[in-house]
Structure formats: structure tokens, C-alpha cells
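# Tertiary structure, described
So the chains spell out like this:
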Amino acid sequence: MTASYAPEPYRIKVVEPIHVPTAEQRREAIVEAGYNITLLRAQDVYMDLYTDSGTNAMSDRQWAAVMVGDEAYAGSASFYRLEAAVRKYYGYPHVIPTHQGRGAENILSRCLIRPGSHVPGNMYFTTTRTHQELNGGTFHDVIVKEAHDAASEHPFKGDVDLAALEALIREVGADAIPYVSVAATVNMAGGQPISMASLEAVRELTARHGIPVMLDAARAVENAWFVQQREPGWSGHSIAEILHRMCDLTDGACMSAKKDSYANIGGWLAVRDQDLADNARSLLVVFEGLHTYGGMAGRDMEAVAQGIEESVREENIRARVDQVTYLGDRLLDAGVPVVRPIGGHAVCVDAAAVLPGVPRDEFPAQTLAAALYLDSGTRCAERGVVSAGRDPRTGANRHPDLELIRLTIPRRVYTRSHLDVVADSVIRTVEAGRDVTSGLRFVHEPATLRFFLARFAPVREGGLLG
Ligand code: F0G
């Protein structure tokens, strides 16, 4: 049965009109975008579930904080407010602001990864792995096998397979592993959390080998929520306590403040080690900006600092995750194959199961994403072969086990009736896709992060894309 969710802990003060493009406009728009939903103009989109990154609605308190942003080039008061918020809620002493999450990943990867390095992680993320590879590292997926199975009900699909991590350390040697990269939650697995027990076990194993642990904290508050709800022994702890405890088990973190922190831009790298902080700051001034703004305006740092405080409030995180669960439950009720359990930021539909007749190299998820847009003007993201890119050694398309479209819910933006529009459209599109046997082919394929700028054409006329 579809669950209802608790009333939103806010009311709406400012509205932004949206409109439904006609079927003809949608057809023209998707052709012009080369069948890549990323290349659609936002004005041609009705429900924009491409990402929850930077698409948050800010609160009145955040907008008020924007007004007092200190735009000093050096020593901005807004930086010190941000630094204090990160220290208080995440607990790292050295806070290095960046323009967004990948800015932090770039700096961290340049500091620690060398040709021949091996970086284990609980599933790849696109930008994270790209920075690791650009610096000569090799990524190794050490997530539990359940994470690759859309139907598995494992409550912590973000957990690390400790035996796999141990085997890698034995094989390549601890010296070749600059750090273990741990994401909370795991985006590419569908927003699945890592348990505190798994993080503790990773900590214990890596400490024995002197290997640091770096957290991807983009959605760590959402992870803390799942720990509180699902993990034995944690129900009595606050979200803020759990978040802090997770960070305590790591040596540093990369943060995209465009997620949990309700901001539209911003990020940070935070570390415990003084030497690493010094190195990171000297790279920061080359690639991002001075160490007291790192690519953000003073007003952005204010919005992030205020957003961090709002993000750990129980009523906010409950409303956020419950909304995602509502959409997931509606699809489950209709028999749509979705990644289970429903994750923290998105509902992911198993495109390979929806379009079994479409070969992987004709991109079932990209095809389904374009079809969903044609049906209702809903934009989702592709998380399958296109996002996975090519293996740098063989040049072949990577075939991840999961071939998904991701319906990502921006925070505090859409209402339940919007989610019903989306659910009805997904159900219709899935029904229409049953007997389809062809998908898309590349017309233009960029060398890195190809999913952003690639262009496609239908392999054959007819089918799901008309
Ligand atoms: N890590 C994770 C887990 C992410 O989801 C993202 C961004 C980043 C790092 C990079 O942060 O965008 O601020 O540079 N994810 C967005 C998404 C793009 O749609 O999932 P960024």
C-alpha cells in the first residue's frame, strides 16, 4: 500500500510558475537535445527530476543570510561562519571551501593519488572516479554484492565488502592505497546507506594498515536518517549525533553542499591532518580561489552554513526522505521494477527490466529517459551504460549491473500532486515499453563524463521514441 507522509514542516512563501510543454514542443525539444535529457532547456521541462543537486528551495533564513554575506576577498566573515558550522556538525578541524563537490574531489585527488595508486570505494561516482583516474589512480568497487541487485531488500546496500577490501590490500599493498573512498549514501546504487557497523569495520581494518578513510558526505545526513531508522542501537540518537559519529570514523570528507545543505552551489573539503590541509590549500589557490572563499561568494557560504543547521533537524530530514518513499511506493504498487529499498534522494527504475528487448549498447536507460520526457515533460537522469563510460584500458563500454533511470527529488520543491503526475507518467511509459526492441546510438560522444554532453539518435524508427 502506498504510504502517506507527514505534512511538510514548512509553508510556501515564494512560488515559481511552471508550464507543461505540448506533445509537439516535447518532440521538437528532445530531437534538438539529441535525445539527451541533459541537453534539454529547463524551460521545456515540466517536472524536473534530473537531480537533487543545487535544485533545493532555500529557506527564508537562508535568503536572509545571503543578504549579510561578506564579500571580502580575504578573511571573509562568511567563511568563518561556514567553518564553524562544518566543525560543529561534521567535526573536521580544517575546512577548505570549494565551488562544489568536484572541486573538493579535484584537490583531494591531486594531493593523494599518483600513477599506480589504487582507490577502493563503495561503488563509483562519476566525477569522483574521473578525478581519481585523471591523477593516475585505479578505482576498485568494494561495495557489497547486494548493491548491484536492484531487487535485493538489504537495508544497507552501501556497506563495504570487507573481504574484498582486505583482498585488495593484500594484492596491491597498503602503500599503493592512498585512501579508501566511502560514500554515504551511495548515489549510483540508488541512494542506499552504509551502516555504522560497516563504517566501523572499515575503520578498524584500514587503521591496521595505516590507510586513511575519506567520506563523500554529499548525502551523509540522509545516511544518518537511515542509520537512525534501521540500524539496531541507533534509534535513540539524534541525526546530528549520528552524522558526527560517522565523520569521527573518517579522516576527511569531500562535500557537495548542493545536496544535504539545501544550497544552490558550494562545497568543501575537510580534513584532520595539518600537512594535507596545507597541501590542499596551496592547490586551492591555483584551482578554486583563496582559502577563505575557494570559488564561492560570501553569500553562498552563508547559505551553506545556515543550510547545514537546517539539514540535521529531524522534521526536515523525515519530510525529505518520506517524500521520496511516497513516489517509490506508488511505483511499486503499480508493479514498476524499482531499486529497493527506496533510497534517500531518488527513486531508481530498473530500465533493463522495463526494456528487456533493448540491447545494453543501445542504452535502455537513456531510451527510457527520453520516452518519459516525451510522455509528460518529466526529466530524469540516466544511470546506466552511458554514465558508466568506457574502460580506459580496453575502450569498451562499461556494463554496470544496474541500468537505471533516476527520478531525483529536489528538496522542498515539489508537492505530492507533482509526484502523482510523475508516477502516472512513469507507469504509462513502462507499459508502452514492453515490446520495444531498439534504443539509441551515439551521434556525438565526448571523451570524459560523456553523459553530460553526448548526442544520440534512435537506432530504428518507431518503437518507444516514435
Ligand atoms: N559525490 C556525489 C555522491 C554526488 O552525487 C555528486 C554530485 C558529487 C560527488 C559531485 O558534486 O556536483 O557538487 O560537483 N552529484 C550530482 C547528481 C551531479 O546529480 O547526482 P558536485
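Refer to the structure above for everything that follows.
Here's what I pulled together on the structure shown here. Each chain carries its own residue numbering, running from 1 in the written order of its sequence. With the structure being a predicted model, the display of local features is reserved for residues of pLDDT at least 70 and the display and counting of side-chain atom pairs for 80 or more, all residues being used for whole-chain, interface and lining totals. With hydrogens and water excluded, all non-hydrogen atoms of the structure serve as input to the side-chain values.

## Thoughts on the environment of Asp 375
With respect to the helices and strands, Asp 375 occurs in helix 14 (residues 364-376). Under the scheme applied here, a residue whose accessible area is under 20% of the maximum for its type counts as buried, over 50% as exposed, and between as partly exposed, the area being computed with a 1.4 Å probe on protein chains only. Look at Asp 375 and you get partly exposed, because its relative accessible area is 25%. Those residues in contact with Asp 375 that sit more than four places away from it in its chain are Arg 26, Ser 425, Arg 428 and Thr 429. Helix and strand definitions here come from DSSP, where helices need a minimum of 4 consecutive H or I residues and strands a minimum of 2 consecutive E residues; each element is numbered from the N-terminal end. Contacts between residues were defined by any pair of non-hydrogen atoms, one from each residue, lying within 4.5 Å.

## With respect to helix 8 (residues 220-230)
Most of helix 8 sits inside the fold, with nine of its eleven residues counted as buried. Considered for burial, the residues of helix 8 that qualify are Ala 220, Val 221, Glu 222, Asn 223, Ala 224, Trp 225, Phe 226, Val 227 and Gln 228. Where the residues of helix 8 are buried, they touch helix 7 (196-209), helix 9 (239-248), helix 11 (298-311) and helix 12 (314-333).

## Concerning the packing of aromatic side chains
Only Phe, Tyr and Trp rings are paired, with Trp represented by its six-membered ring, and only when their centres lie within 6.5 Å; those with planes under 30 degrees apart are stacked, over 60 edge-to-face, the remainder tilted. Taken as a whole, this structure holds seven aromatic pairs when the rule is applied. Ring centres of Tyr 73 and Tyr 293 lie 5.0 Å apart, and the angle between their planes is 70°; on these two criteria the pair is classed as edge-to-face. You can see Tyr 73 sitting in the loop between helix 2 (60-67) and helix 3 (77-89) and its partner Tyr 293 sitting in the loop between helix 10 (274-287) and helix 11, a full 220 residues away along the chain. Ring geometry for Tyr 90 against Trp 268: centres 4.9 Å apart, planes inclined by 75°, an arrangement best described as edge-to-face. Residue Tyr 90 is found in the loop between helix 3 and strand 2 (94-98), and its partner Trp 268 is found in strand 8 (residues 267-271); the two are separated by 178 residues along the sequence. Comparing Tyr 90 with Trp 268, the two get one shared label, buried. The rule is short: NZ of Lys or CZ of Arg within 6 Å of the ring centre and within 35 degrees of the ring normal puts a charge over the ring. One Lys or Arg, Arg 379, reaches over the ring of Tyr 50 and ends 5.4 Å from the middle of that ring.

## Let's talk about the packing of helix 14 against helix 16 (residues 416-433)
A fitted line through C-alpha atoms represents every axis, and for helices the fit uses only the stretch in contact; the resulting angles, taken between N-to-C directions, go from 0 to 180 degrees. Interaxial distance between helix 14 and helix 16 falls to 9 Å at its minimum, and their mutual angle equals 120°. In this view, helix 14 runs oblique relative to helix 16, as classed from their interaxial angle. Considering the relative orientation of helix 14 and helix 16, their crossing is right-handed. Facing helix 14, whose interface residues are Leu 368, Ala 371, Leu 372, Asp 375 and Ser 376, helix 16 presents Ser 425, Val 426, Arg 428 and Thr 429. An angle counts as roughly parallel when it lies under 35 degrees, as roughly antiparallel when it exceeds 145, as roughly perpendicular when it falls between 65 and 115, and as oblique in every other case. Take the far helix as your reference; a near helix turned counterclockwise from it by less than a right angle gives a left-handed crossing, and one turned clockwise gives a right-handed crossing.

## Details of the sheet that holds strand 9 (residues 346-350)
Pairing is antiparallel in the open sheet, where three strands are placed in the order 9-12-11. Pairing within the sheet leaves two strands with one partner each, and these edge strands are strand 9 and strand 11 (381-383). Put simply, the sheet's adjacent strands are angled 30° from each other on average, direction ignored. Pairing of strand 11 with strand 12 (residues 404-408), which is carried by three bridges, proceeds in the antiparallel orientation. Looking at strand 12, one finds that Ala 381 is bridged to Arg 406. Where helix 12 meets the sheet, its contacts fall on strand 9 and strand 12, and the angle it forms with strand 9 comes to roughly 25°. Along the sheet face, helix 14 touches strand 9, strand 11 and strand 12 and points at about 45° away from the line of strand 12. In short, DSSP must find at least two bridges between two strands for them to pair.

## Some points on the pattern of salt bridges
For this analysis, a salt bridge means a side-chain nitrogen from Lys or Arg found within 4 Å of a carboxyl oxygen belonging to Asp or Glu. Scanning the entire structure with this criterion turns up 26 salt bridges. Here Lys 145 and Glu 146 are joined by a salt bridge, their closest N and O atoms 3.7 Å apart. By relative accessible area, Lys 145 is classed as exposed at 65%. Look at Glu 146 and you get partly exposed, because its relative accessible area is 23%. One salt bridge in this structure joins Glu 431 and Arg 434, with 3.4 Å as the shortest N-O distance. Taken together, the salt bridges that share partners define one network made up of Asp 52, Arg 219, Glu 222, Arg 320 and Arg 411.

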